[in-house]
Amino acid sequence: MNAEQTGHTARAGRALGAIPPTVLVLLGIVSVQMGSALAKHLFSEVGSFGTVALRLFFAAVVLMLLWRPSLRLNRSTWTVVLGYGVTLGVMNLCFYLALSRLPLGIAVTIEFLGPLAVALAGSRRWLDAVWALLAAGGVVLLMEGRGDLNLVGALFALAAGTCWGLYILVGAALGRHTTEGNGLALGMAVAALVVVPFGVADSGTALLQPWVLLAGLGLALLSSVIPYSLDLEALRRIPPQVFGILMSLEPAMAALIGLVVLQESLRWSQWIAVLCVVAASAGATRGARPDA
């Protein structure tokens, strides 16, 4: 990295350092959900496969240019990078297939059950059983108010949530095997290699329209590059439990952005379901062990 690039990086670091970490997390959540809203507008043009292909391709390009990671890794590190990338690719693919069939808030709420399950796994505290029951109650409410709940979409969201739980575990291993953003950049490149062939086969030359490429770049920045960078900076300055509690707001933020940006209104029972999952996730994260 030359002196000019170093100077830009230092200035960017100082700018991020001036923002409170809680605000960084909230900005990251808003960025991700705005990206999801943008993705829904692309579905009619290039479909869910094409949309996720654009997102991961441009995210990989930006992160590889930013970090310029070395490809000289030992076998165990490459195994983790490949596992991370495949998980990331499948997770995004399943989520966008769910998003094409469900309102944004409901898709994110169901997907959020994955990290919640990771937070509750192995717990022996009676209070965590309460959080699990609260989350289960939220799912039941979603199913009860199923006027616009597509079953196939719900199954894709559950698959995305399962991948998200696995992503958390593999991501922890990636952090142990790589430094800075090098593992993230390589993992994103692997995810792009997994997903892009699906997008090309499904959407073909529609992906090459200038406005579609520009939207894909914006989607990659909103959904991957910006939130991941903000989250990394926030995690340097606040405990993981605080970060987790703030991230628990994501389903509610998704429902709110779906309402404002996409005009996707939820029934009162569905709003209660979202809040149940938010409360369960916040409670489980708050009570998690510091080493979890």
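Parameters at a glance
Residues numbered from 1 in each chain as written. Predicted model: local features only at pLDDT ≥ 70, side-chain atom pairs only at ≥ 80, totals over all residues. Heavy atoms only, no water. Axes fitted to C-alpha atoms, helices over the stretch in contact; angles between N-to-C directions. Helix = DSSP H or I, 4+ residues; strand = E, 2+ residues; numbered from the N terminus. Parallel < 35°, antiparallel > 145°, perpendicular 65-115°, else oblique. Left-handed = near helix turned anticlockwise from the far one by under 90°. Contact = heavy atoms within 4.5 Å. Nonpolar A, V, L, I, M, F, W, Y, C, P; charged D, E, K, R; others polar. pLDDT = per-residue confidence, 0-100. Buried < 20%, exposed > 50% of the residue type's maximum accessible area, 1.4 Å probe, protein only. Patch = residues over 30% accessible without salt bridge, like charges linked within 9 Å, V, L, I, M, F, W, Y side chains within 5 Å. Areas by Shrake-Rupley, 256 points an atom, 1.4 Å probe, with all protein chains shown as cover. Salt bridge = Lys/Arg side-chain N within 4 Å of Asp/Glu carboxyl O. Expected span 1.5 Å × (residues − 1). Polar contact = N/O pair within 3.5 Å; in protein donor to acceptor, adjacent residues only side chain to side chain. Phe/Tyr/Trp six-rings, centres within 6.5 Å; stacked < 30°, edge-to-face > 60°. Core = buried A, V, L, I, M, F, W, Y, C linked by side-chain atoms within 4.5 Å.

The next subject is the packing of helix H4 (residues 104-111) against helix H7 (residues 151-177). It is the contact of H4 with H7, at a shortest axis distance of 7 Å, that shows an interaxial angle of 45 degrees. Regarding the angle of H4 to H7, the classification is oblique. Considering how the two elements wind past one another, H4 and H7 form a crossing that is right-handed. Seen from H4, the contacting residues are Ala107, Ile110 and Glu111; seen from H7, they are Ala154, Ala157, Leu158, Ala160, Gly161 and Trp164. Tallied by class, residues from the contact of H4 with H7 come to seven nonpolar, one polar and one charged.

Here we take up the confidence of the model for the protein chain. The pLDDT averaged across the protein chain works out to 87; a share of 90% of its residues lies at or above 70. For the protein chain, helix H1 (residues 3-17) is the element with the lowest average pLDDT, namely 57, and helix H3 (residues 75-99) is the one with the highest, namely 95.

One non-glycine residue, Arg68, lies in the positive phi region at around 45 degrees. Under the relative-accessibility criterion, Arg68 is labelled exposed at 56%. Of note in the backbone geometry, Gln263 takes a positive phi value of approximately 55 degrees without being a glycine. Along the polypeptide, Gln263 turns up in the loop between helix H11 (250-262) and helix H12 (268-286).

A few words on a nonpolar patch on the surface. A cluster of nonpolar side chains, Val30, Met34, Leu256, Leu259, Val260 and Val261, forms an exposed patch at the surface whose accessible area comes to about 440 Å². Counting residues per element, the ones that place at least two in the nonpolar patch are helix H2 (21-67) and H11. No other element matches the four residues that H11 contributes to the nonpolar patch. Positionally, Leu256 belongs in helix H11. By relative accessible area, Leu256 is classed as partly exposed at 43%.

Right, let's get into H7. The end-to-end C-alpha separation of H7 is 39 Å, in line with the 39 Å expected for 27 residues at 1.5 Å each. Among all positions of H7, only Gly153, Ala154, Ala157, Ala160, Gly161, Cys163, Trp164, Gly165, Tyr167, Val170, Ala173 and Leu174 are buried. Packed against the buried residues of H7 are H3, H4, helix H5 (113-120), helix H8 (182-203) and helix H9 (210-235). One side-chain oxygen of the residue at the start of H7 lies 3.0 Å from the amide nitrogen of Val152, identifying that residue as Asn150.

Glancing now at the packing of H4 against H11. Orientation of H4 relative to H11, taken along the N-to-C sense of each, is 165 degrees, at an axis distance of 7 Å. In this view, H4 runs roughly antiparallel relative to H11, as classed from their interaxial angle. The chirality of how H4 crosses H11 is right-handed. Only Glu250, Pro251, Ala254, Ala255, Ile257, Gly258 and Leu262 of H11 make contact with H4, whose side of the interface consists of Leu104, Gly105, Val108 and Thr109.

Bringing the side chain of Ser48 into the picture now. Among the secondary structure elements, Ser48 is positioned in helix H2. For Ser48, a relative accessible area of 10% gives the class buried. Apart from the residues lying within four places of it in its own chain, the contact partners of Ser48 are Phe43, Tyr96, Leu97 and Ser100.

As a further point, take the packing of aromatic side chains. The full count for this structure, using the stated rule, is six aromatic pairs. On the basis of an interplanar angle of 75 degrees and a centroid distance of 5.3 Å, the ring pair of Phe57 and Phe58 is categorised as edge-to-face. A relative accessible area of 15% means that Phe58 is categorised as buried. Within the aromatic cluster, the residues linked to one another by ring pairs are Phe43, Phe95 and Tyr96.

In terms of nonpolar packing, the biggest core is built from 75 residues, with Leu88, Phe95, Leu102, Leu104, Ile110 and Met188 touching the most fellow members. Examining the composition of this core, we find that 13 residues originate from one element, H2, more than from any other. Not counting chain neighbours up to four residues away, the residues in contact with Ile110 comprise Leu102, Leu142, Leu149, Ala154, Ala157 and Leu158. Counting nine residues, the second largest nonpolar core, distinct from the first, contains Leu24, Val25, Ile238 and Leu246.

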